[in-house]
Amino acid sequence: MSEMNQNATNIYNSKTLFILYSNGHIEKIDTQQEWDEGLGKSNGRFSYKNELITLVGRDEEKQWLHNFLESDKRFIISAITGRAGNGKSSLVYSFCKNELNKDEWYVVSMPYTAISDLLIKAIKNKPKVLLVIDYVLAYAKEIGQWLRGLEKIVSNHSKVRVLLIERAHVIEDRFPQWYNALVKDNDLEKNCDYKFFLKISDLKEGDLKKIFLKYIEKYGKKQDVIESKLVADQILRKIDYACKTPLFILFIAQAWLDDKNRNIRRWDRESLLTYIEKKEERRIEKLFGEEYVDCIDHLKRILVFAMMLSGIDIGEKLPNFLKDDLKEIREALKKKNKKRSPITNLFLDMGEYDKAKVYFRSALPEIVEEYYCLKYLKDLDDDLQGDVITEIISCAWKENSRAFAGFLCRVIEDFSDHKMVSFEYILQLPDDETVNSVLYADVIREYTYWNHDVELYLEDVMAIFEKLLQMARDEEAKEIREKYAITLFNLQWNIFTYANKEDEKMRYSVLIEEKLKKLVQEDSSIQEIYDYSQTVFDNQKIFIG
């Protein structure tokens, strides 16, 4: 079997399902394919494409997908939402591969970068098309604009279904950033009814047990399989709710295989993610050995930036701040192996490496990447290297502000209460002009959506927005004011939903009301947001201002 890297930009199918690689290579999908090959040593087994392990149950969700496709409407947008690691991508991938009528539906699963006029031409004459777009937040505005254009050209004789995969669910009067930017701002609500979105449910413990045992059966020895059946129920009873997702069950199964003493641990999310992070650290150490321990820091620095920016060019376009790191690694590999050892082998071992584009990205699941980066920053802080943290944040904004903003939003969703996820650390506003003010405002708005401890950061948020408005060019100021107004709405919502003291509610409410009124005076278009906030809180019989 030829080596397969998980760097496909599109998935197409007609009678059979194929992967179209970014280098033009096309390979047929085989249901017995081991998807972990080429995904970095040990990490591919955690990929959602390793469906022989991860997909269990989900009959109701599959029926929802069938109903979504079978609707008589010409053009529909919908979404699958749910917490990280709960199997959203796995469900959709398996459905397209095994459940869909491949003679009938033309499927394109794509990142934002694949969206183009050429793609519209490729699909506009197809009778039935399913577009799958995973994690839309970072490019929600642009995706919405593209979908609005697509909707206008879809023939009355065609069916186009757009399926978005996101974490934040939509409820009445409480719209997350991705929905506002993609749907509301592009007038797509008539084609995208959030009341019919699928919020993926938690799996029953019986299904989680099946996932645990499947993993042991595939990656363990015969004796491991026998022993695992005896302890699976005990393990599941001891783990926290946050760990009861398909992905985390895979982590626990791997930890159990690694533990020769067969201890039954009381896993919580932090201890489990720490275990996976430490396991990756040990693997990195083995790549170099004790003799070249200094190179570990150089490799980790490159890894962290690849995680923060969803991949980096490690060829001629390698970011300047990483060139010394790559040079040190290359020299160490030459000395270690005597003969010339291609550095490409190292990156193929670590993750997804596209030889044609000289492009590298981590193969770890996103939530592990997020935790790995936060742990890296915390270690720097513990070593009193705050200036290095500031340099990292500034360089990330400068190199790829869009990708970094998306990373920050994911971190906020998953770790809003982490020490590093604050305006002192990873959310800090760089002093120079490298930061994209509008994207940074999006990040702050997302933070106020997820973090409910308003009294701890309200004044910081207001001060940041005032500074952004002072720095902004005329064309940016209008967008920033709008984001500021929605941020204030988020603050108000959190205060009345989560604050315990009535005097705090009143005091903060008055302050927020004053800021909103000032924004309306500066920009009359903010009036709509102000009126909406009044309506929402009036309906809930909440005093405001």
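Rules behind the numbers
- Residues numbered from 1 in each chain as written.
- Predicted model: local features only at pLDDT ≥ 70, side-chain atom pairs only at ≥ 80, totals over all residues.
- Heavy atoms only, no water.
- Helix = DSSP H or I, 4+ residues; strand = E, 2+ residues; numbered from the N terminus.
- Buried < 20%, exposed > 50% of the residue type's maximum accessible area, 1.4 Å probe, protein only.
- Contact = heavy atoms within 4.5 Å.
- Areas by Shrake-Rupley, 256 points an atom, 1.4 Å probe, with all protein chains shown as cover.
- pLDDT = per-residue confidence, 0-100.
- Axes fitted to C-alpha atoms, helices over the stretch in contact; angles between N-to-C directions.
- Parallel < 35°, antiparallel > 145°, perpendicular 65-115°, else oblique.
- Left-handed = near helix turned anticlockwise from the far one by under 90°.
- Nonpolar A, V, L, I, M, F, W, Y, C, P; charged D, E, K, R; others polar.
- Salt bridge = Lys/Arg side-chain N within 4 Å of Asp/Glu carboxyl O.
- Phe/Tyr/Trp six-rings, centres within 6.5 Å; stacked < 30°, edge-to-face > 60°.
- Lys NZ or Arg CZ within 6 Å of the ring centre and 35° of its normal.
- Pairing = 2+ DSSP bridges.

Novice: Hey, could you run me through the overall build of the protein chain in this one?
Specialist: What the protein chain contains, in helices and strands, is 21 helices and 11 strands. Looking at the protein chain as a whole, 57% of its 545 residues are labelled buried. For the protein chain, long-range pairs separated by at least 24 residues make up 72% of all intrachain contacts whose partners lie at least 6 apart in sequence. A total of about 25300 Å² of accessible surface is found on the protein chain, and carbon and sulfur atoms cover 46% of it.

Novice: For this particular structure, what's the right way to read the confidence of the model for the protein chain?
Specialist: Caution applies to low-pLDDT regions: their predicted coordinates should not be interpreted in detail. When pLDDT is averaged along the protein chain, the result is 81, and 85% of the positions lie at 70 or above. Of all the helices and strands in the protein chain, strand β1 (residues 8-13) carries the lowest mean pLDDT, 40, while helix α14 (residues 366-382) carries the highest, 94. The model gives residues 1-42 a pLDDT under 50, and that stretch makes 112 contacts with residues more than four places away or in other chains.

Novice: Would you mind showing me how to read the packing of helix α9 (residues 246-258) against helix α10 (residues 269-288) here?
Specialist: Between two packed helices, the angle of one axis relative to the other and the distance separating the axes together describe the packing. Contact geometry for α9 and α10: axes closest at 10 Å, N-to-C directions at 60°. Compared by their axis directions, α9 and α10 come out oblique. For the pair α9 and α10, the crossing hand works out as left-handed. Contact with α9, carried on its side by F248, F251, I252, Q254, A255 and D258, involves R269, L272, L273, Y275, I276 and K279 of α10 and no other residues of that element. In terms of residue class, the contact of α9 with α10 is built from 8 nonpolar, 1 polar and 3 charged.

Novice: How should the environment of A253 be read in this particular structure?
Specialist: You can see A253 is positioned in helix α9. Overall, the relative accessible area of 0% leaves A253 in the buried class. When sequence neighbours within four positions are dropped, the list of residues in contact with A253 reads F212, Y215 and I216.

Novice: Is there a simple way to think about the pattern of salt bridges in this case?
Specialist: As a working rule, side chains carrying opposite charge can pair if their charged atoms are close by. Considering all chains together, one arrives at 32 salt bridges under this definition. Between R167 and E370 there is a salt bridge, and its shortest N-O distance comes to 3.5 Å. Of this pair, R167 sits in the loop between β7 (159-166) and α6 (177-182) while E370 sits in helix α14, and the two are 203 residues apart along the sequence. Residue R167 is classed as buried on the basis of its relative accessible area of 11%. The class of E370 is buried, set by a relative accessible area of 0%. Two residues, K300 and E281, come together in a salt bridge whose shortest N-O distance is 3.0 Å. Remark: E281 occurs in helix α10 and K300 occurs in helix α11 (residues 294-308); sequence separation between them is 19 residues.

Novice: Explanation requested: the packing of aromatic side chains in the structure shown.
Specialist: How two aromatic rings sit relative to each other is given by the distance of their centres and the angle of their planes. Summed over the entire model, instances satisfying the criterion amount to 22 aromatic pairs. Ring geometry for F175 versus Y179: centroids 5.3 Å apart, planes at 20°, classification stacked. Judged by its relative accessible area of 15%, F175 falls in the buried class. Residue class for Y179 comes out buried when judged on its relative accessible area of 1%. Their ring planes at 50° and their centres at 4.8 Å tell us that Y215 and Y219 sit as a pair that is tilted. With Y215 and Y219 both in helix α7 (residues 205-219) and 4 residues apart, this pair spans about one turn of that helix. Judged by relative accessible area, Y215 falls into the buried class, the value being 0%. These aromatic residues form a ring-pair network of at least three members: F175, W178, Y179, Y194 and F197. If you follow R83 out to its NZ or CZ, it ends over the ring of Y241, 4.2 Å from the centre. Positioned over the ring face of Y508 is R507, at 4.5 Å from the centre of the ring.

Novice: Sorry, what's going on with the pairing of strand β10 (residues 351-354) here?
Specialist: Regular strands have side chains that alternate between both faces of the sheet. For β10 and strand β11 (residues 359-362), the ladder comprises 4 bridges, and the chain directions are antiparallel. Across the sheet, the residue bridging to E352 is R361, located in β11. What sits between β10 and β11 in their antiparallel hairpin is a turn of 4 residues, with V358 showing a positive phi close to 50°.

Novice: So what exactly am I meant to see when it comes to the sheet that holds β10 here?
Specialist: The strands making up a sheet associate through hydrogen bonds between their backbones, and the pairing can be parallel or antiparallel. If you walk across this open sheet you meet the 3 strands as β9-β11-β10, and the pairing is antiparallel. At either end of the open sheet lies a strand with only one pairing partner, and these are β9 (312-313) and β10. Most of the contacts of α11 go to β11, to which it runs at about 85°, and overall it touches β9 and β11.

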